[in-house]
Amino acid sequence: MNYRRLGRTGFKVGEIGLGTEYLNNASRETIKEVIDLAIDNAINYMDMFYAEPNFRDNIGFALGKKRPKMIVAGHIVTSYENVQYIVTRDKKVAEIVFYDLLSRIKTDYLDVLMIHKVDQENFKKAKIEGLIELAISLKEQGKIRTIGLSCHRVPAAINAIKSGVIDVLMFPVYLTKSLSKKYEEVYLSCEKEDIGLVAMKPFMGGKLLWETGGNRISPVQCLSYVLSIKQVSTVVPGVKNMDELKEDLNYFQSSKKEKNFIEAKNILNNSLLGECIFCNHCLPCPSNINIGETIRLLEKVKYYSLEELREEYEKLPVKASACIECGSCVPRCPMGVDIIKNMKKAVNVFEHSNTLINYFD
């Protein structure tokens, strides 16, 4: 493992960290296997934002006495209601959820407290003033070591960096032809202000690995691109199991040829506006549709067996046809996805049609 400074925090973090988003529904045994493997391979930074109680309990079980070996980043303003992930700006709720996190992962403190998903340029419009006050108070009490913020949009990131409030920024960094220039201001601002940059979504929710059927673009190439950006402190790919983590760790044994991302970069689209990255920040859905997973299955139709995908779709507890087109999800999407259109496509592909007619319209 190679290590980099996490900005001015004083922490040194492994180049590859651990994202836990896809462990949310994993078994306790799988989570323990993954965390044990991570620690055994000198991964020392992990990020967790889900507030689902069993998930947090399982993380606590897996960390156990190894907690001091891991720099843990947890998020406030994420909560769990009616069996769904939600984002709340309520200071009181955030405080309750924070202490619930400490209790469930069996620790007295968090190393990094992330103010979750702030994509508005203006903090007042984002309504996070109370959350900033809470974070500062928790730091003064020794409940957290440092304050961070996660976001998806350049203007919001720049303002957060310049605010003087945060020491760590969590921001999407992935392999495309356009993003390096578009995001360069973020990278340079982090460097100037000595902000630790945590790169999320290195595989764009797995989509980059599908771009050519998985034959050309590898996890190693994606990670190599992210880590070629010198301002990145660590990258936190999400994994579902040990095998996926092992694929990520192969980066350190890979040759220069295997790490070369130039050819992969050249085949990708220029823009990702409107592209779903399956983050589910669009939730909660009043119909309880798992929007991210529904769109993930829909997009896989381009590369995988429709029959197998329909079997996976049938396992979803709520289908796309339950969409009432209320539009409440749309303003919450950081990527500008036309969610309602995608729900209609999912109905056509998985519930009615035997063909893919109209899918690519």
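So, how was this worked out
- Residues numbered from 1 in each chain as written.
- Predicted model: local features only at pLDDT ≥ 70, side-chain atom pairs only at ≥ 80, totals over all residues.
- Heavy atoms only, no water.
- Salt bridge = Lys/Arg side-chain N within 4 Å of Asp/Glu carboxyl O.
- Helix = DSSP H or I, 4+ residues; strand = E, 2+ residues; numbered from the N terminus.
- Buried < 20%, exposed > 50% of the residue type's maximum accessible area, 1.4 Å probe, protein only.
- Pairing = 2+ DSSP bridges.
- Contact = heavy atoms within 4.5 Å.
- Axes fitted to C-alpha atoms, helices over the stretch in contact; angles between N-to-C directions.
- 1 Å grid on protein atoms, 1.4 Å probe; cavity = no way out; pocket = protein on both sides within 12 Å on 5 of 7 lines; lining within 4 Å.
- Points joined across faces, edges and corners; volume = space filled by probe spheres on them.
- Nonpolar A, V, L, I, M, F, W, Y, C, P; charged D, E, K, R; others polar.
- Phe/Tyr/Trp six-rings, centres within 6.5 Å; stacked < 30°, edge-to-face > 60°.
- Lys NZ or Arg CZ within 6 Å of the ring centre and 35° of its normal.
- pLDDT = per-residue confidence, 0-100.

**Q** Give a description of the pattern of salt bridges that names residues and reports values.
**A** Taken as a whole and judged by the stated rule, the model has 16 salt bridges. The partner of Lys344 in a salt bridge is Glu325, with the nearest N and O atoms 3.9 Å apart. Of the two residues, Lys344 sits in helix α15 (residues 339-352) while Glu325 sits in the loop between α14 (306-314) and α15, which places them 19 residues apart along the sequence. Residue classification places Glu325 among the partly exposed residues on the basis of a relative accessible area of 45%. Salt bridges sharing common partners tie together Arg56, Asp57, Asp100 and Arg104.

**Q** I'd love a proper account of the sheet that holds strand β5 (residues 71-76), names of residues and values included.
**A** The parallel open sheet is built from eight strands, whose spatial order is β3-β4-β5-β8-β9-β10-β11-β12. Of all strands in the sheet, those with a lone pairing partner are β3 (18-19) and β12 (232-235), marking the two edges. Of the strand pairs in this sheet, strand β8 (residues 110-115) and strand β9 (residues 144-150) are connected by five bridges, and their pairing is parallel. Note on β9: the bridge partner recorded for Val112 is Thr146. Against the sheet, helix α2 (residues 53-63) contacts β4 (45-48) and β5, and its axis sits at roughly 165° relative to β4. Helix α9 (residues 219-227) rests against β11 (196-200) and β12 of the sheet, and its axis sits at about 160° to β12.

**Q** How would you summarise the layout of surface pockets if you had to cite specific residues and measurements?
**A** When its volume is computed, the second largest pocket comes out at roughly 600 Å³. Taken together, 33 residues form the lining of the second largest pocket, with Tyr22, Phe203, Gly205, Gly206 and Gly238 sitting closest to its centre. At the level of secondary structure, the elements contributing two or more residues to the lining of the second largest pocket comprise β4, α10 (242-249) and α13 (291-300). The leading source of residues in the lining of the second largest pocket is α10, at three residues. Counted by class, the lining of the second largest pocket contains 14 nonpolar, 10 polar and nine charged residues.

**Q** Could you give an account of the packing of aromatic side chains, naming the residues involved and the relevant values?
**A** Inspection of the entire model under this criterion finds five aromatic pairs. Taking 5.2 Å as the distance between ring centres and 80° as the angle between the ring planes, the aromatic pair formed by Tyr251 and Phe252 counts as edge-to-face. Its relative accessible area of 9% is what places Tyr251 among the buried residues. With 4.6 Å between their ring centres and 20° between their planes, Tyr313 and Phe350 make a pair best called stacked. One end of the pair, Tyr313, is in helix α14; the other, Phe350, is in helix α15, and 37 residues separate them in sequence. The exposure class of Phe350 is buried, given its relative accessible area of 6%. Seen from the ring of Tyr109, Arg67 lies directly overhead, with NZ or CZ sitting 4.5 Å from the centre. It is Lys259 that lies over the ring of Tyr251; its NZ or CZ is 4.2 Å from the centre.

**Q** Now, about the environment of Val186: what can you tell me, with residues and values included?
**A** Tracing the chain through its elements places Val186 in helix α8 (residues 184-193). Sequence separation between Val186 and Leu169 is 17 residues, and the spatial gap between their C-alpha atoms is 9.6 Å. Apart from residues no more than four positions distant in its own chain, Val186 is found in contact with Val154, Ala157, Ile158, Ile161, Leu169 and Phe171.

**Q** So what's going on with the pairing of strand β10 (residues 168-172)? Which residues, and what values?
**A** Within β10, five of the five residues are buried, leaving the element largely enclosed by the surrounding structure. Residues of β10 alternate between two faces, with Val168, Met170 and Pro172 on one and Leu169 and Phe171 on the opposite face, all of them buried. As judged from the three bridges shared by β9 and β10, these two strands associate in the parallel manner. Residue pairing in the sheet places Gly148 in a bridge with Val168 of β10. Strand direction decides the pairing type here: β10 and β11, joined by five bridges, are parallel. Looking at β11, one finds that Val168 is bridged to Gly196.

**Q** Describe the side chain of Ser189, with residues and values.
**A** By the secondary structure assignment, Ser189 is in helix α8. Looking at Ser189, the relative accessible area reads 11%, which means it is buried. Excluding residues within four positions of it along the chain, Ser189 makes contact with Ile158 and Ile161.

**Q** Lay out the confidence of the model for the chain with the relevant residues and their values.
**A** For residues with low pLDDT, the predicted coordinates do not support detailed interpretation. On average, residues of the chain score 86 in pLDDT, and 89% of them are at 70 or above. Low pLDDT, under 50, characterises residues 356-361; the stretch is placed with 12 contacts to residues that sit more than four places away or in other chains.

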